[in-house]
Amino acid sequence: MPRIEGSNSIIHVFLGRALRGVSTTTLNFVLQNWYLFAMALVSGAMLVWPMLTGVGGGARVSATDAVWLINREKAVLIDVSEPEEYAAAHPVGAKSVPLASLEASRDLPKNKSLPVVVVCPTGSRASRAVPVLKKLGFENAQVLAGGLTAWRKANLPVEKTA
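Source: prediction; values computed, not measured.

A.B. asks: In this structure, what is going on with a nonpolar patch on the surface? I would like to understand it.
C.D. replies: Taken together, the side chains of Phe29, Val30, Trp34, Tyr35, Leu36, Phe37 and Met39 present a nonpolar region at the surface, about 750 Å² in accessible area. Within the residue set of the nonpolar patch, elements represented by two or more residues are helix H2 (24-32) and helix H3 (34-53). Among the elements that line the nonpolar patch, the one with the most residues is H3, at five residues. Relative to the assigned elements, Met39 resides in helix H3.

Below, the structure is given as structure tokens:
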């Protein structure tokens, strides 16, 4: 194996046989830029990790699937918007449980086996609420994909409170 300037001899011992057909230019590039390869590997893992573990918001349901869950499986619709946002507009029948008071709320359903569909104006706050609900024992908590915006686009009823 050719000698590479400034390289460690330990690398040659461990990689000697595997790198017989690799040019010294390629090997120099890899050794001098190892951190770029490490960053690419870590960023790729960070992108794939939520899909593999189910973390980060949990399952997402469309507005029509949410209605099906409400009608067929008695799902509870929970709006984690701030009180002002909830008063401005929310899906009909949604319970207001602001994200900040979610853990201490008494408005959550007693039956923790019921499906729970979490909604907010865009769906981003609801994604943060699902892990909290799962920690509280609501294993069937799901985010309404697209939030209230998707609910409105599906022409589903929205109400305002005074």
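Right, picking up where we left off after that structure.
A.B. asks: Help me out: how do you make sense of the sheet that holds strand S4 (residues 95-96) in this one?
C.D. replies: To summarise the sheet geometry, strands pair through backbone hydrogen bonds and adopt either a parallel or an antiparallel arrangement. Ordered in space as S1-S6-S5-S2-S4, the five strands form an open sheet in which the pairing is parallel. The open sheet terminates on both sides in strands that have one partner only, identified here as strand S1 (60-61) and S4. Pairing analysis gives three bridges linking strand S5 (residues 116-119) to strand S6 (residues 141-144), with the strands arranged parallel. Within S6, the position partnered with Val118 by the bridge is Val143. Relative to the sheet, helix H6 (residues 124-135) contacts S1, S5 and S6, its axis offset from that of S6 by approximately 175°.

A.B. asks: What is the right way to read the pattern of salt bridges from this model?
C.D. replies: Close approach of charged atoms allows side chains with opposite charge to pair. The tally for this structure, following the rule as stated, stands at two salt bridges. Between Glu103 and Lys135 there is a salt bridge whose closest N-O contact spans 3.3 Å. One end of the pair, Glu103, is in the loop between S4 and S5; the other, Lys135, is in helix H6, and 32 residues separate them in sequence. For the residue pair Glu103 and Lys135, the accessibility class agrees, reading exposed in each case.

A.B. asks: Help me understand the environment of Val92, please; the structure alone is not making it clear to me.
C.D. replies: Topologically, Val92 is positioned in the loop between strand S3 (90-91) and S4. Since its relative accessible area comes to 40%, Val92 is described here as partly exposed. Counting along the chain gives 15 residues from Val92 to Leu77, while the straight-line C-alpha distance between them is 8.9 Å. Aside from chain neighbours lying at most four places away, what touches Val92 is Leu77, Pro157, Val158 and Glu159.

A.B. asks: Looking at this structure, how should I read the pairing of S5?
C.D. replies: On S5, burial covers both faces: Val116 and Val118 on one face and Val117 and Val119 on the other are all buried. Across four bridges, the pairing between strand S2 (residues 76-79) and S5 is parallel. Bridge pairing in S5 links Asp79 to Val119. What joins S5 to S6 is H6, and the crossover it makes is right-handed.

A.B. asks: Would you mind going over the nonpolar core with me for this structure?
C.D. replies: Note that soluble globular proteins tend to have their nonpolar side chains buried in a common cluster. Residues Ile78, Val80, Leu102, Leu108, Val116, Val118 and Leu133 are the most contacted members of the largest nonpolar core, which totals 18 residues. At the level of secondary structure, the elements contributing two or more residues to this core comprise S2, S5, H6 and S6. Sequence-distant contacts of Val118, that is, excluding residues within four places in its chain, are made with Ile78, Val80, Ala126, Ala129, Val130, Leu133, Gln142, Val143 and Leu144. Of all hydrophobic cores here, the second largest spans 13 residues; its members include Ala63, Leu77, Val119 and Leu144.

What counts as what
- Residues numbered from 1 in each chain as written.
- Predicted model: local features only at pLDDT ≥ 70, side-chain atom pairs only at ≥ 80, totals over all residues.
- Heavy atoms only, no water.
- Patch = residues over 30% accessible without salt bridge, like charges linked within 9 Å, V, L, I, M, F, W, Y side chains within 5 Å.
- Areas by Shrake-Rupley, 256 points an atom, 1.4 Å probe, with all protein chains shown as cover.
- Salt bridge = Lys/Arg side-chain N within 4 Å of Asp/Glu carboxyl O.
- Helix = DSSP H or I, 4+ residues; strand = E, 2+ residues; numbered from the N terminus.
- Pairing = 2+ DSSP bridges.
- Contact = heavy atoms within 4.5 Å.
- Axes fitted to C-alpha atoms, helices over the stretch in contact; angles between N-to-C directions.
- Buried < 20%, exposed > 50% of the residue type's maximum accessible area, 1.4 Å probe, protein only.
- Right-handed = clockwise from strand over helix to strand, strands pointing away.
- Core = buried A, V, L, I, M, F, W, Y, C linked by side-chain atoms within 4.5 Å.

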